[in-house]
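Structural overview for review
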Amino acid sequence: MQSSIFALLLIKVQASFSFMKELKHLNKYFKKYRYKLLLGIIITVIARLFSLAVPNYVNLSIQVIENYFGGTTALSEAKQTLFLYILIIVGTALLSALFTFLMRQTIINVSRYIEYDLKNEVFDHYQILNLNFYKKNRIGDLMNRISEDINQVRMYAGPVIMYGMNTITTFVCVISIMYIKAPTLATYTLVPLPILSVLIYQISKIIHQRSTKVQEFLSSLSTFTQESFSGVSVIKAYGIEPKINEEIEVLATQGKNTSMDLAKVNAWFFPLMILLIGISNIIVIYFGGKQYLNGEIASFGLIAEFILYVNMLTWPVAIVGWLTSIVQRAEASQKRINEFLKVEPAIKNEIAEETPIVGDIEFKNVTFTYEDTHITALKNVSFKIKAGETVAFLGKTGSGKSTILDLVSRLYDVSSGEVLIDGQPIQKLNLNNLRQAIGAVPQDAFLFSDTIENNIRFGDENASFEAIVDVAKKAVVHDNIEGFTKKYNTILGERGITLSGGQKQRVSIARALLKNPKIYLFDDCLSAVDTETEEEILTNLKKVSKEKTTLIVSHRVSSAKNADHIIILEDGQIIQEGTHEQLNNIDGYYKELYINQLAEKE
Ligand code: ADP
Ligand code: MG
């Protein structure tokens with residue numbers, strides 16, 4: 001009988017170890033915090049040992065009373081001993097409580113440290129991954145793995161270890177004591193416990209499945225409500241409130257049903273536990289009573305002691321099932337985390353030594369195909385830009401202009417051909433040096449939900465406020481900023497002010513100017529700015545970029561005003577190039593653009 005109980009437990013423990021392949025990733029952290037963990041484990045064992053004293057002294061106290069009624073002990077002596085025992089019981093209980101507190105303080109803290117380290121590890125890794133990775137994976141998924149999944153893993157690193165140690169200590173000590181004191185009674189008493197453990201395990205599994213459903217539902221509900229709140233003006237304008245109400249109704253009904261399903265299994269949990277504890281208690285009283293009457297056990301107090309043991313064991317037994325399901329969840333979560341950690345960045349910094357950048361750029365027969373769409377955005381493109389030159393790339397949307405700039409900052413690597421910076425293949429350059437040497441203003445200017453000042457400061461963390469004002473003036477956005485009540489402290493984004501497209505572009509230009517790089521990449525960054533302001537900015541840029549290599553992308557000829565050289569792209573190929581004068585003398589896209597624009601002006 002007893003061997004079968006242990007066999008069952010062993011199978012459980014083994015089952016939970018064999019699928020812990022992914023969780024091995026955490027070993028380095030366990031190693032890092034090994035002393036703290038060891039201390040925590042020692043404290044756990046001490047806490048349990050103290051709590052073990054209680055049942056024994058309850059038994060002894062009852063024996064004192066028994067002896068008093070049996071006439072073998074005098075009243076005063078009995079009172080004195082009882083008082084002593086009560087002191088011991090209270091004292092050990094207090095000590096056990098103190099150590100239980102310390103146990104949580106050490107082990108749960110370790111799990112928080114591990115959570116912190118793991119989050120940093122994952123985030124650092126996210127940062128070195130390339131744009132392709134971000135295209136393939138949804139933002140929500142990235143967020144989930146760094147928050148929800150790491151949280152599941154933390155449950156393994158903390159509570160599982162703590163309760164696991166607790167359970168093992170309690171099992172070993174309590175069961176040994178029970179067998180030493182009354183082996184037959186011990187065996188009878190322990191029978192229901194493995195059943196309890198298996199049942200709790202099954203129930204936890206169902207609870208987990210159903211709570212996952214509730215979670216999924218909650219996230220779809222919040223997506224839906226969020227969308228309807230942000231799109232409230234469209235909903236009102238089109239008068240579709242009733243339709244939205246209906247959709248919410250459907251979602252809410254689904255939510256109610258999934259929550260009810262969960263509540264139904266949850267409701268089983270405690271009654272089952274109480275039932276099984278009750279059965280164990282009855283067994284103790286029935287068999288213990290019988291044995292006492294037969295004179296097989298010495299004292300009546302032993303029955304009380306065993307009842308306390310049974311109650312001490314039930315929680316750990318129930319928890320074995322719960323722990324197993326946590327380990328399974330943590331394993332699944334760690335697997336998802338490892339999947340991302342295993343992704344090698346296609347472009348990484350392999351050059352350790354510093355490679356200062358001067359600013360010559362050359363494309364040699366460059367062809368580039370986007371991995372996900374298989375669109376060949378550049379076909380056999382070649383050009384040369386000397387350091388300090390300004391070159392404009394003109395062409396319709398989709399002609400490959402932005403792709404050229406992305407290749408210069410090495411956000412992607414070419415499919416064939418070569419990009420050379422200062423005569424060196426771009427792969428031979430220190431990636432950090434390269435990116436530091438570039439001030440890019442992307443086509444879709446992105447500003448963080450922060451103050452305007454900090455958004456500009458992004459270009460150079462140590463810049464003075466005067467420097468920020470100076471670049472804002474050059475980007476012709478200073479007057480707009482001064483117009484806001486909080487000026488440079490105006491918060492942008494969701495909870496702040498929304499800038500117009502043109503203002504965003506100019507803040508973004510100011511950011512690039514502050515960086516004072518060797519190479520400027522301006523991607524259609526004046527598209528939302530009126531022609532007068534454009535003139536003003538271009539004049540300022542001309543001064544600023546005198547000794548900088550400057551690549552200006554635009555679909556307007558006016559933006560190319562200061563360019564030494566103009567390259568016209570169509571469908572990923574260079575169709576014309578030359579200076580303004582050269583291009584003016586030939587028919588083609590440039591002329592077409594130029595004439596269109598003159599017409600636009602009038
Ligand atoms: P432009 O800047 O001249 O408008 P792009 O360089 O952005 O042109 O785009 C060139 C072509 O590559 C387009 O056909 C576009 O659809 C495609 N493309 C651009 N960016 C991506 C991307 N990130 N993934 C897949 N295809 C892209
Ligand atoms: Mg573009």
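For the structure, see preceding data.
The following refers to the structure shown. All values reported here derive from a predicted model rather than from experimental measurement. (Residues numbered from 1 in each chain as written. Chains lettered and ligands numbered in written order. Predicted model: local features only at pLDDT ≥ 70, side-chain atom pairs only at ≥ 80, totals over all residues. Heavy atoms only, no water.)

Comments concerning the overall build of the chain
Defined as follows: In DSSP terms, a helix is any run of H or I states spanning at least four residues, a strand is any run of E spanning at least two, and both are numbered starting from the N terminus. Each radius of gyration reported is based on C-alpha atoms, and the globular scaling rule is 2.2 Å times the count of residues to the power 0.38. Whether a residue is buried, partly exposed or exposed follows from its accessible area with a 1.4 Å probe, protein chains only, as a fraction of its type maximum: under 20%, in between, or over 50%, in that order.
Counting its secondary structure elements, the chain contains 20 helices and 10 strands. Expected size for 602 residues packed as a compact globule is a radius of gyration near 25 Å; at 37 Å, the chain overshoots this value by more than 25%. When its C-alpha atoms are laid out on the principal axes, the chain stretches across 125 × 65 × 45 Å. By the burial criterion, 46% of the 602 residues in the chain qualify as buried.

Section: the packing of aromatic side chains
The relation between two aromatic rings is expressed through the spacing of the ring centres and the mutual angle of the planes. The condition that has to hold: Aromatic pairing here means that ring centres of Phe, Tyr or Trp (its six-membered ring) are within 6.5 Å. Orientation follows from the plane angle: under 30 degrees is stacked, over 60 is edge-to-face, and everything else is tilted. We count a charge as sitting over a ring when the NZ of a lysine or the CZ of an arginine lies within 6 Å of the ring centre and within 35 degrees of the ring normal.
Taken as a whole and assessed by the stated rule, the structure comprises 22 aromatic pairs. Ring geometry for Tyr-286 against Phe-287: centres 5.1 Å apart, planes inclined by 85°, an arrangement best described as edge-to-face. Here Tyr-286 falls in the partly exposed class, since its relative accessible area comes to 49%. Pairing Tyr-370 with Tyr-412 gives two aromatic rings, centres 5.4 Å apart and planes at 90°, and the pair type is edge-to-face. Of this pair, Tyr-370 sits in the loop between strand 1 (361-369) and strand 2 (376-385) while Tyr-412 is found in the loop between helix 12 (401-408) and strand 4 (416-421), placing the two residues 42 residues apart along the sequence. By relative accessible area, which is 16% here, Tyr-370 ends up buried. Put simply, the rings of Tyr-126, Phe-133, Tyr-134 and Phe-340 pair up and form one aromatic cluster. Sitting over the face of the ring of Phe-340, Arg-145 holds its NZ or CZ atom 4.0 Å from the ring centroid.

Focus: the packing of helix 3 (residues 34-69) against helix 6 (residues 139-181)
Selection rule: Note on geometry: axes are C-alpha line fits, over the in-contact stretch for helices, and angles between N-to-C directions span 0 to 180 degrees. For any pair of crossing helices, the crossing counts as left-handed if the nearer helix is rotated counterclockwise from the farther one by less than a right angle, and right-handed if it is rotated clockwise. Pairs of residues are marked as contacts when any of their non-hydrogen atoms sit within 4.5 Å.
Where helix 3 contacts helix 6, the two axes come as close as 9 Å, and the packing angle between them is 35°. By crossing handedness, the relation of helix 3 to helix 6 is classed as right-handed. Facing helix 3, whose interface residues are Leu-37, Ile-41, Thr-44, Val-45, Arg-48, Leu-49, Leu-52 and Asn-56, helix 6 presents Ile-161, Met-162, Met-165, Asn-166, Thr-169, Thr-170, Cys-173, Val-174, Ile-177 and Lys-181.

Structural notes on unusual backbone geometry
Positive phi values are uncommon outside glycine, yet Asn-365 reaches one of about 45°. Inspection of the secondary structure assignment puts Asn-365 in strand 1. Exposure remark for Asn-365: the relative accessible area of 44% places this residue in the partly exposed category. At Lys-487, a residue that is not glycine, the phi angle is positive and equals roughly 50°. Mapped onto the secondary structure, Lys-487 falls in the loop between helix 16 (478-483) and helix 17 (501-515). Assessed through its relative accessible area of 36%, Lys-487 is described here as partly exposed.

Focus: the coordination of the magnesium ion (ligand 2)
Which entries qualify depends on this criterion: With water omitted from the atoms examined, metal sites may look incomplete; donors here are N, O and S atoms no farther than 2.8 Å from the metal, or 3.2 Å in the case of Na, K and Ca.
With distances of 2.0 to 2.3 Å, the protein atoms coordinating the magnesium ion (ligand 2) are Ser-402 (OG) and Gln-443 (OE1). Of the two residues, Ser-402 sits in helix 12 while Gln-443 sits in the loop between strand 6 (438-441) and helix 14 (452-457), which places them 41 residues apart along the sequence. With a relative accessible area of 23%, Ser-402 lands in the partly exposed category. Accessibility expressed as a relative area gives 39% for Gln-443, which makes it partly exposed.

Focus: the nonpolar core
Stated formally: Working definition of a nonpolar core: buried Ala, Val, Leu, Ile, Met, Phe, Trp, Tyr and Cys residues. They are joined through side-chain atoms within 4.5 Å.
Core analysis: the largest hydrophobic core is formed by 38 residues, its most contacted members being Leu-26, Phe-30, Ile-114 and Tyr-156. The set of elements that each furnish at least two residues to this core consists of helix 2 (27-32), helix 3, helix 4 (75-128), helix 6 and helix 11 (301-342). The greatest single-element share of this core, amounting to 10 residues, is contributed by helix 6. The residues contacting Phe-30, other than those within four sequence positions of it, are Leu-37, Ile-114, Tyr-156, Ala-157 and Ile-161. Leu-52, Phe-171, Leu-185 and Phe-306 belong to the second largest nonpolar core, which has 35 residues in total.

Observations regarding the site of ligand 1
Short version of the rule: Only heavy atoms are used to decide nearness, and a residue is near a molecule or strand if one of them lies within 4 Å of it. Each polar contact in these results corresponds to two N or O atoms within 3.5 Å; when the atoms are within protein, one needs to be able to donate a hydrogen and the other to accept it, and residues that are neighboring in sequence are counted only if both atoms are side-chain atoms. Accessibility throughout is a Shrake-Rupley quantity obtained with a 1.4 Å probe, and a residue counts as covered only by protein chains that appear here. Think of it as three bins: nonpolar holds Ala, Val, Leu, Ile, Met, Phe, Trp, Tyr, Cys and Pro, charged holds Asp, Glu, Lys and Arg, and polar takes everything else, Gly as well.
Taken together, 15 residues form the shell around ligand 1, and within it Lys-135, Gly-398, Lys-401, Ser-402 and Thr-403 come nearest. A distance of 2.4 Å is found between an oxygen atom of ligand 1 and a side-chain nitrogen or oxygen belonging to Thr-403. About the coverage of ligand 1: the protein hides 75% of its 550 Å² of free accessible area. In terms of residue count, helix 12 provides more of the shell around ligand 1 than any other element does, three residues in total. For the shell around ligand 1, the class distribution of residues is four nonpolar, seven polar and four charged.

Here's the deal with the sheet that holds strand 1
To keep it simple, the criterion reads: Should DSSP find at least two bridges between two strands, the strands are taken to pair.
Spatially, the four strands line up as an open sheet ordered 2-1-4-5, and their pairing is antiparallel. Of all the strands in the sheet, the pair left with one neighbour each is strand 2 and strand 5 (424-425). Bridge count between strand 1 and strand 4: five bridges; the pairing is antiparallel. Note that in strand 4 the partner of Lys-364 across the bridge is Glu-418. Taken strand by strand, helix 12 contacts strand 1, strand 2 and strand 4, and its axis lies near 115° from that of strand 1.

A few points about the layout of surface pockets
Heads up, the rule is: Each cavity reported here is a set of points on a 1 Å grid over the protein atoms alone in which a 1.4 Å probe fits but cannot get out, each pocket an open set with protein on both sides within 12 Å along at least five of seven lines, and each lining residue one with an atom within 4 Å of a point. Grid points are joined across faces, edges and corners, and a volume is the space filled by probe spheres set on the points.
Taken as a whole, the largest pocket spans an internal volume of roughly 2200 Å³. If you go around the largest pocket, you meet 46 residues; those closest to its centre are Leu-131, Leu-411, Arg-435, Pro-442 and Phe-458. Every element with two or more residues in the lining of the largest pocket is listed here: helix 4, helix 5 (131-136), helix 6, helix 12, helix 13 (431-436), strand 6, helix 17 and strand 7 (519-523). Per-class residue counts for the lining of the largest pocket are 26 nonpolar, 11 polar and nine charged. Considered as a void within the structure, the second largest pocket measures approximately 790 Å³ in volume.

Points about the sheet that holds strand 3 (residues 390-394)
Spatial strand order, 6-7-8-3-9-10: six strands in an open sheet with mixed pairing. A single partner strand is all that each edge strand has here, and the edge strands are strand 6 and strand 10 (573-578). Sheet twist, expressed as the average angle between the axes of neighbouring strands with direction ignored, equals 15°. Direction of pairing for strand 3 relative to strand 9 (residues 565-570): parallel, over a ladder of four bridges. The residue bridging Ala-392 from the neighbouring strand is Ile-566, located in strand 9.

Quick word on the packing of helix 6 against helix 7 (residues 183-190)
What counts, and what does not: An angle below 35 degrees is read as roughly parallel, one above 145 as roughly antiparallel, one from 65 to 115 as roughly perpendicular, and any other as oblique.
The contact between helix 6 and helix 7 brings their axes to 6 Å, and the two run at 135°. When the axis of helix 6 is compared with that of helix 7, the two are oblique. Residue-level contacts link Ile-175, Met-178, Tyr-179 and Lys-181 of helix 6 to Pro-183, Ala-186, Thr-187, Thr-189 and Leu-190 of helix 7. Considered class by class, the residues forming the contact of helix 6 with helix 7 number six nonpolar, two polar and one charged.

Quick look at the pattern of salt bridges
The criterion, for reference: Here, a salt bridge means any Lys or Arg side-chain nitrogen found within 4 Å of an Asp or Glu carboxyl oxygen.
For the structure shown, the criterion picks out 12 salt bridges. The partner of Glu-339 in a salt bridge is Arg-145, and the shortest N-O contact between them spans 3.0 Å. Of this pair, Glu-339 sits in helix 11 while Arg-145 sits in helix 6, and the two are 194 residues apart along the sequence. Looking at Glu-339, the relative accessible area reads 41%, which means it is partly exposed. A salt bridge links Asp-470 to Lys-474; its shortest N-O distance comes to 3.1 Å. A residue pair is termed a helical-turn pair when its members lie 3 or 4 positions apart in one helix, as Asp-470 and Lys-474 do in helix 15 (residues 465-474) at four residues. A relative accessible area of 37% places Asp-470 in the partly exposed class. Among the charged side chains, a network of salt bridges with common partners joins Arg-112, Glu-115 and Lys-119.

That's the geometry; what it means functionally is another story.
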